[in-house]
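Structural overview
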Amino acid sequence: MKKASHKPSDELRTEYKRSDFASLVRGKYAARVSQATNVVVLDPSVARAFPNDHAVNEALRGLLRSKREAVRPTTRSTRTRAKTARAG
């Protein structure tokens, strides 16, 4: 026995009316999606160095750690203080 074939139709079923649906807006949520996602496209030569997204994230975290460690506040020279104390 053959199964009945169901061909998809572009028409609405009889129980639905077009007026029951709001008008469709193309790209309605595009701005929200673009704010929530962060996609970076790597050059092919850079992409070959990283097998997956985890490797890229680890490399970037390491770079941030080394940058944080390298930036240290400079201390004032004691000479400057001594000169101003003598002058005054």
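Residues numbered from 1 in each chain as written. Predicted model: local features only at pLDDT ≥ 70, side-chain atom pairs only at ≥ 80, totals over all residues. Heavy atoms only, no water.

1. Regarding the overall build of the protein chain
Condition: Under the scheme used here, helices are H or I runs from DSSP no shorter than 4 residues and strands are E runs no shorter than 2 residues, and both carry numbers assigned from the N terminus. Throughout, exposure labels follow a simple rule: accessible area from a 1.4 Å probe, protein chains only, divided by the maximum for the residue type, with under 20% read as buried, over 50% as exposed, and the rest as partly exposed. Per-residue and other accessible areas follow the Shrake-Rupley method at a 1.4 Å probe size, with only the shown protein chains counted as cover for residues.
Helices and strands together make up the secondary structure of the protein chain, namely four helices and zero strands. The order of helices and strands in the protein chain, counted from the N terminus, is α-α-α-α. Looking at the protein chain residue by residue over its 88 residues, the buried ones come to 1%. Approximately 9,700 Å² of the protein chain is accessible, and the part contributed by carbon and sulfur atoms is 54%.

2. Some points on a nonpolar patch on the surface
What counts, and what does not: Each patch is built from residues lacking any salt bridge and having more than 30% relative accessible area; the joining distance is 9 Å for like charges and 5 Å for nonpolar side chains (Val, Leu, Ile, Met, Phe, Trp, Tyr). The rule for a salt bridge is simple: a side-chain nitrogen of Lys or Arg has to be within 4 Å of a carboxyl oxygen of Asp or Glu.
Side chains of Leu12, Tyr16 and Phe21 sit close together on the surface and give an oily, nonpolar patch of about 300 Å² of accessible area. Summarising the element assignment, Leu12 is placed in the segment before α1 (30-36). Taking the relative accessible area as the measure of exposure, Leu12 reaches 38% and is therefore partly exposed.

3. Description of the pattern of salt bridges
All chains considered together, the criterion is met by two salt bridges. One salt bridge connects Arg13 with Glu15, and the closest N-O pair in it is separated by 3.9 Å. You can call Arg13 exposed: its relative accessible area is 58%. Of the charged contacts, one joins Glu58 and Arg61 as a salt bridge, the two residues approaching to 3.2 Å between their closest N and O atoms. Of this pair, Glu58 and Arg61 are both found in helix α3 (residues 53-70), three residues apart, which corresponds to roughly one turn of the helix. Arg61 sits in the partly exposed class, given a relative accessible area of 42%.

4. A look at α3
The condition that has to hold: By this rule the span expected of a helix is its residue count minus one, scaled by 1.5 Å. For the purposes of these results, a polar contact is taken to be a pair of N or O atoms within 3.5 Å, where, inside protein, one atom must be able to donate a hydrogen and its partner to accept one; residues adjacent in sequence count only when each atom of the pair is a side-chain atom.
Look at α3: 26 Å from first C-alpha to last across 18 residues, which is about the 26 Å you get at 1.5 Å a residue. Where α3 begins, one side-chain oxygen reaches toward the backbone nitrogen of His54, 3.2 Å away; that side chain belongs to Asn52.

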